[in-house]
Amino acid sequence: MVVGGCFCGKIRVEYNGEPIMSALCHCYDCRKLTGTLFTYSFVVHKADLKISGSPKEVAKRADSGNHIKNYFCSDCGTPIYGHKIKPSGDPEDITILRAGIFDDIEYLDRQKPKAEIYKLGRVKWMCPLAGVDQFIGMPPLP
Ligand SMILES: [Zn+2]
Ligand SMILES: [Zn+2]
């Protein structure tokens, strides 16, 4: 099990699983959502995740047309996770977990990204990661 949380510590996360996918994302929404130039996220099964505290929800329609909800700490603003919403209004079983919330840098050392997505949004002075698959959009999940 690995643990993490937000900047102020009011939201805590326990994760017990192996990410289905991990990716750096260079899309516009990720920049605005996090205030940084790209994100690093794990695609995980919602069932493997335990969240304590009450993250604030923000809903948006993505460029892809998908309805998404993102969750962050309402006190310190750290983005924690997000997911798509099914047409029924229920969350999908897959959650996008922000990698930077994990406390243990050695865990992150072992989790090299499997992909870079929305690569056309990458700033020109940044190089693609060596040996990492590059995608113009969202790759299909394995
Ligand atoms: Zn916080
Ligand atoms: Zn993105």
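Being a predicted model, the structure only gives us computed values, none of them experimental.

Moving on, we get to the overall build of the protein. Check the secondary structure of the protein and you find two helices and eleven strands. What you see for the protein is a C-alpha radius of gyration of 15 Å, in line with the 14 Å of a compact globule of 142 residues. In terms of principal-axis extent, the alpha carbons of the protein reach across some 40 × 40 × 30 Å. With 142 residues in all, the protein has 24% of them scored as buried. A fraction of 50% describes how many contacts in the protein between residues 6 or more apart in sequence connect residues 24 or more apart.

This part takes up the sheet that holds strand E2 (residues 12–15). In space, the three strands of this open sheet follow the order E1-E2-E5, with antiparallel pairing throughout. Either end of the sheet is taken by a strand with one partner, and the two such strands are strand E1 (2–5) and strand E5 (49–52). Within this sheet the neighbouring strands show an average axis-to-axis angle of 15 degrees, counted without direction. With four bridges connecting them, E2 and E5 associate as antiparallel partners.

So, about the pairing of strand E4 (residues 39–45). Bridge count between strand E3 (residues 21–25) and E4: five bridges; the pairing is antiparallel. Bridging across to E4, Met-21 finds its partner in Val-43.

What follows deals with the environment of Tyr-71. Relative to the elements of secondary structure, Tyr-71 occurs in strand E7 (residues 67–72). Here Tyr-71 falls in the buried class, since 20 other C-beta atoms lie within 10 Å of it. For the pair Tyr-71 and Val-58, spaced 13 residues apart in sequence, the C-alpha separation works out to 6.4 Å. Beyond its immediate sequence surroundings of up to four residues, Tyr-71 is in contact with Pro-55, Lys-56, Glu-57, Ile-80, Tyr-81 and Gly-82.

Among the nonpolar cores identified, the biggest contains 14 residues, and Cys-6, Ile-11, Val-13, Cys-73, Ile-80, Tyr-81 and Leu-97 are the most heavily contacted of them. Of all elements in the fold, only E2, E4, E7, strand E8 (79–84) and strand E9 (94–98) reach the threshold of two or more residues within this core. The next biggest cluster of nonpolar side chains, apart from the first, holds seven residues, and it includes Ala-23, Cys-30, Ile-117 and Tyr-118.

Take the sheet that holds strand E6 (residues 56–61) next. On the basis of which strands lie adjacent, the open sheet formed by eight strands has the order E6-E7-E8-E9-E4-E3-E10-E11 and mixed pairing. Lying at the two open borders of the sheet, with one neighbouring strand each, are E6 and strand E11 (133–134). Bridge count between E3 and strand E10 (residues 115–117): three bridges; the pairing is parallel. Paired with Cys-25 across the bridge in E10 is Ile-117.

Along the chain, Gln-111 falls in the loop between helix H2 (105–109) and E10. Classification of Gln-111 by C-beta neighbours within 10 Å gives partly exposed; the count is 15. The residues contacting Gln-111, other than those within four sequence positions of it, are Pro-19, Ser-22 and Ala-99.

This part covers the UniProt feature "domain: CENP-V/GFA" (unreviewed entry) in the protein. The UniProt entry lists residues 2–126 under the feature "domain: CENP-V/GFA" (unreviewed entry), expressed in the numbering used here. Between the end C-alpha atoms of residues 2–126 there is a gap of 30 Å, over a span that is 10% helix and 40% strand.

The rules behind the values
- Residues numbered from 1 in each chain as written.
- Chains lettered and ligands numbered in written order.
- Predicted model: local features only at pLDDT ≥ 70, side-chain atom pairs only at ≥ 80, totals over all residues.
- Helix = DSSP H or I, 4+ residues; strand = E, 2+ residues; numbered from the N terminus.
- Rg over C-alpha atoms; globule rule 2.2 N^0.38 Å.
- Buried ≥ 20, exposed ≤ 12 C-beta atoms within 10 Å, placed from the backbone.
- Contact = placed C-beta atoms within 7 Å.
- Pairing = 2+ DSSP bridges.
- Axes fitted to C-alpha atoms, helices over the stretch in contact; angles between N-to-C directions.
- Core = buried A, V, L, I, M, F, W, Y, C linked by C-beta atoms within 7 Å.
- UniProt positions renumbered as here; feature names shortened; annotations may be inferred.

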